[in-house]
Amino acid sequence: MNIRFRGIMQREVMLIDGPQGWSEWGAFLEYGSVESAMWLASALEMGWVGPPRSLQGWVPVNGTIPACEPDRVPDLLNRYSGISTVKVKVAEKGQTLDDDCARVRAVREARPDINIRVDANGGWTVAEAHEAVRRFLRDGPLDYVEQPCPRLEDLAELRKTLADDGLSARIAADESIRKASDPYRAIRMGAVDVAVVKAAPLGGPRALIAVAEEARKHGVDVTVSSAIDSVVGMYAGLCAASAVDSQPAGLATGALMAGDVGDSRPIVDGMMAVEPRTPDPDALARYRAPEDRVQWWKERLAAAWKHVPGASDMPGNAAD
């Protein structure tokens with residue numbers, strides 16, 4: 001990666017050459033076998049079943065600004081051609097609300113016309129989130145605030161207190177959907193305005209589409225997002241986004257990569273094409289993990305395989 005994002009400078013994934021095409025298993029390294037199995041189910045769906053039918057050839061995407069210094073913001077924005085929306089990471093450990101406000105302000109100064117989302121990854125209490133939103137709104141509107149607090153009940157409380165105080169900011173859920181045992185609960189209890197959904201953590205693009213359809217029934221908007229996928233893995237999110245009429249999708253994180261395993265996915269007038277990518281042999285050789293990491297991933301695969309729903313019904317032994 002060319003900038004620290006989610007605390008990392010290097011992304012590890014396993015690429016799988018399945019009968020229906022290449023797919024990716026990229027559960028974050030700290031995730032255990034049960035949670036990783038959902039990501040593996042997505043890789044198996046793409047590689048063995050194939051992607052769902054795309055309803056449009058291009059999808060709108062948003063830019064992503066990591067928890068960086070404000071002076072880096074203009075250069076990062078320039079990597080996202082023609083975007084109308086940007087998501088700014090906030091509530092980073094070791095940083096302050098003043099740091100967050102300066103970063104958001106730098107985006108507004110560089111692009112006064114852009115819609116701004118902020119993503120706290122559950123880093124605030126209700127009171128801290130309320131104060132943060134109040135300060136952000138001093139300088140201009142927000143599209144929404146993503147996962148400001150860790151608990152779903154906190155999101156519902158914050159949503160109510162903001163409305164009571166006349167502070168206009170929609171509340172979006174990410175972790176409260178993708179890490180929940182019941183991904184529908186946040187939608188059905190009326191706790192959020194926007195569902196941020198990711199193909200891999202939900203078990204595949206078809207599971208994402210099902211959650212999105214439920215969200216629509218309850219008047220909840222949908223944003224399809226990525227999990228720092230490679231150009232191969234991003235295809236699952238793009239297919240899902242094309243099928244659910246996503247708001248500008250968080251699928252342009254490839255702009256944060258210094259190198260990838262295949263041809264980059266260009267952003268054209270704020271849009272990305274819904275098309276697969278095949279790994280480049282030279283890139284695979286260049287970025288191949290050391291043998292100890294390869295063995296670690298193989299052992300991880302064997303452990304996660306036991307928890308994949310329906311894995312025993314798949315043709316052949318995919319775990320091999």
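Quick notes on the rules
- Residues numbered from 1 in each chain as written.
- Predicted model: local features only at pLDDT ≥ 70, side-chain atom pairs only at ≥ 80, totals over all residues.
- Heavy atoms only, no water.
- Helix = DSSP H or I, 4+ residues; strand = E, 2+ residues; numbered from the N terminus.
- Rg over C-alpha atoms; globule rule 2.2 N^0.38 Å.
- Buried < 20%, exposed > 50% of the residue type's maximum accessible area, 1.4 Å probe, protein only.
- Contact = heavy atoms within 4.5 Å.
- Areas by Shrake-Rupley, 256 points an atom, 1.4 Å probe, with all protein chains shown as cover.
- UniProt positions renumbered as here; feature names shortened; annotations may be inferred.
- Polar contact = N/O pair within 3.5 Å; in protein donor to acceptor, adjacent residues only side chain to side chain.
- Phe/Tyr/Trp six-rings, centres within 6.5 Å; stacked < 30°, edge-to-face > 60°.
- Lys NZ or Arg CZ within 6 Å of the ring centre and 35° of its normal.

A. Region of interest: the overall build of the chain. A count of helical and extended segments in the chain gives twelve helices and twelve strands. Relative to the 2.2 N^0.38 estimate, which gives 20 Å for 320 residues, the radius of gyration of the chain is 19 Å and therefore close to what a compact globule would have. Along the first, second and third principal axes, the C-alpha atoms of the chain reach 60 × 40 × 40 Å. For the chain, the proportion of its 320 residues judged to be buried stands at 54%. Counted over contacts in the chain with a minimum sequence separation of 6, partners at least 24 positions apart contribute 72%. Element-wise, carbon and sulfur atoms account for 49% of the exposed surface of the chain, whose accessible area totals about 14,000 Å².

B. Structural view of the UniProt feature "active site" (unreviewed entry) in the chain. Within this structure's numbering, the places UniProt gives as "active site" (unreviewed entry) are Lys89 and Lys198. Locating Lys89 in the fold gives a position in strand E5 (residues 85-89). Judged by its relative accessible area of 12%, Lys89 is buried. Position of Lys198 relative to the elements: it lies in strand E9 (residues 194-198). The residues touching Lys198, leaving out its near neighbours within four places in the chain, are Asp174, Arg178, Leu208, Ser225 and Ser226. Polar side-chain contacts of Lys198 include one of 3.2 Å to the side chain of Asp174.

C. Region of interest: the packing of aromatic side chains. This structure, assessed with the given rule, holds six aromatic pairs. Aromatic pair Trp25 and Trp297: ring centres 5.3 Å apart, planes at 90 degrees, arrangement edge-to-face. With Trp25 in strand E2 (residues 21-25) and Trp297 in helix H12 (residues 291-305), this residue pair connects regions lying 272 residues apart in the sequence. Residue Trp25 is classed as buried on the basis of its relative accessible area, which comes to 0%. Taking 5.5 Å as the distance between ring centres and 80 degrees as the angle between the ring planes, the aromatic pair formed by Trp296 and Trp297 counts as edge-to-face. Under the relative-accessibility criterion, Trp296 is labelled partly exposed at 28%. Members of the aromatic cluster, joined through ring pairs, are Trp25, Trp296 and Trp297. A cation sits over an aromatic face here: Arg293 above Trp296, 4.4 Å from the ring centre.

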